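Structural description and commentary
Next come the chains, spelled out residue by residue.
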Amino acid sequence: MSNVLSQFSRIKAFVFDVDGVMTDGQVHVLESGEHYRTFFIRDGYALERARAAEYRLCVISGGGHQGVKKRLEGLKVQDIFMGLGGQDKLATYEKWLGSTGLSEDEVLYMGDDVPDLKILSRPALLSTCPADAIPEILHAVKYVSHCGGGKGAVRDVIEKVMKLQGTWS
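Bear in mind the structure is a predicted one, so any value in this text is a computation, not a measurement. (Residues numbered from 1 in each chain as written. Predicted model: local features only at pLDDT ≥ 70, side-chain atom pairs only at ≥ 80, totals over all residues. Heavy atoms only, no water.)

So, the overall build of the chain
- What the chain contains, in helices and strands, is seven helices and eight strands.
- Taken over the C-alpha trace, the chain has a radius of gyration of 15 Å; the compact-globule value for 169 residues is 15 Å, and the two agree within 12%.
- With respect to the three principal axes, the spread of C-alpha positions in the chain is 50 × 35 × 30 Å.
- Relative to its full complement of 169 residues, the chain shows a buried share of 46%.
- One way to put it: in the chain the 20 positive side-chain charges average out to a point 6 Å from where the 22 negative ones average out. (Helix = DSSP H or I, 4+ residues; strand = E, 2+ residues; numbered from the N terminus. Rg over C-alpha atoms; globule rule 2.2 N^0.38 Å. Buried < 20%, exposed > 50% of the residue type's maximum accessible area, 1.4 Å probe, protein only. Lys, Arg positive; Asp, Glu negative; His and termini not counted. Charge placed at Lys NZ, Arg CZ, Asp CG, Glu CD.)

Side note on the environment of L72
- Structurally, the position occupied by L72 is in helix α3 (residues 66-74).
- Along the primary structure L72 and C58 are separated by 14 residues, whereas in three dimensions their C-alpha atoms are 9.4 Å apart.
- Setting aside residues no more than four positions away along its own chain, L72 makes contact with V18, M22, V59, V77, I80 and M82. (Contact = heavy atoms within 4.5 Å.)

What to know about the sheet that holds strand β1 (residues 13-16)
- Spatially, six strands are ordered β5-β4-β1-β6-β7-β8 in an open sheet, and the strand pairing comes out parallel. Strand pairing shows two members of the sheet lacking a second neighbour, β5 (79-81) and β8 (143-144), which therefore form its edges.
- With two bridges joining them, strand β7 (residues 126-129) and β8 adopt parallel strand pairing. Within the sheet, the bridge partner assigned to T128 lies in β8 and is Y143.
- Helix-sheet contacts for helix α4 (residues 89-100) involve β1, β4 (56-60), β5 and β6 (107-110), and the interaxial angle to β4 is about 160°. (Pairing = 2+ DSSP bridges. Axes fitted to C-alpha atoms, helices over the stretch in contact; angles between N-to-C directions.)

Brief notes about helix α7 (residues 153-165)
- Here α7 is 13 residues long and its end C-alpha atoms lie 19 Å apart, about the 18 Å a rise of 1.5 Å per residue gives.
- Those residues of α7 that fall on the buried side of the exposure criterion are A153, V154, D156, V157, I158, E159, K160, V161 and M162.
- Of the residues trailing α7, G166 is marked for its positive phi of about 75°. (Expected span 1.5 Å × (residues − 1).)

Some thoughts on the packing of helix α2 (residues 41-52) against α7
- The contact between α2 and α7 brings their axes to 8 Å, and the two run at 30°. As for the relative orientation of α2 and α7, their crossing is left-handed in sense. In this structure, α2 contributes R42, D43, Y45, A46, L47, R49 and A50 to the contact, and α7 contributes A153, V154, R155, I158 and M162.
- Considered class by class, the residues forming the contact of α2 with α7 number eight nonpolar, no polar and four charged. (Left-handed = near helix turned anticlockwise from the far one by under 90°. Nonpolar A, V, L, I, M, F, W, Y, C, P; charged D, E, K, R; others polar.)

If you want it as structure tokens, here you go:
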């Protein structure tokens, strides 16, 4: 764990998947056919704190629902890549990383399912996942949150980084 903690102390940017990470992975369908998701308010608070402390925030998601995008914009996430569908998230991540001037060891990525695996397998990256990620992800990452997706996993990693760097208070 000490080696992982040293990686947490270098982080300058957070990249998150949405479904299963920022939400619990459930999609609720209304009679109208409209879908909605539930976000954990404490995760939102941590995202706001990270943004205020000038960390870079990015979301890369296969889904493209406008309600989710509005929530992320309300949290002032700088970089939002949504609606990728079956596209490779790795290409989007690499393009984003190249545009930031960050080195990969300054980035924390949290994902929970197969579409995140190529990114989470990169050796320099601080790869993380919620406690309820699929087994392949649980075995591939450097840090598994004690919280589930949509239940505090985002807050867990943000708070850990910020406390280690003295930016949480």
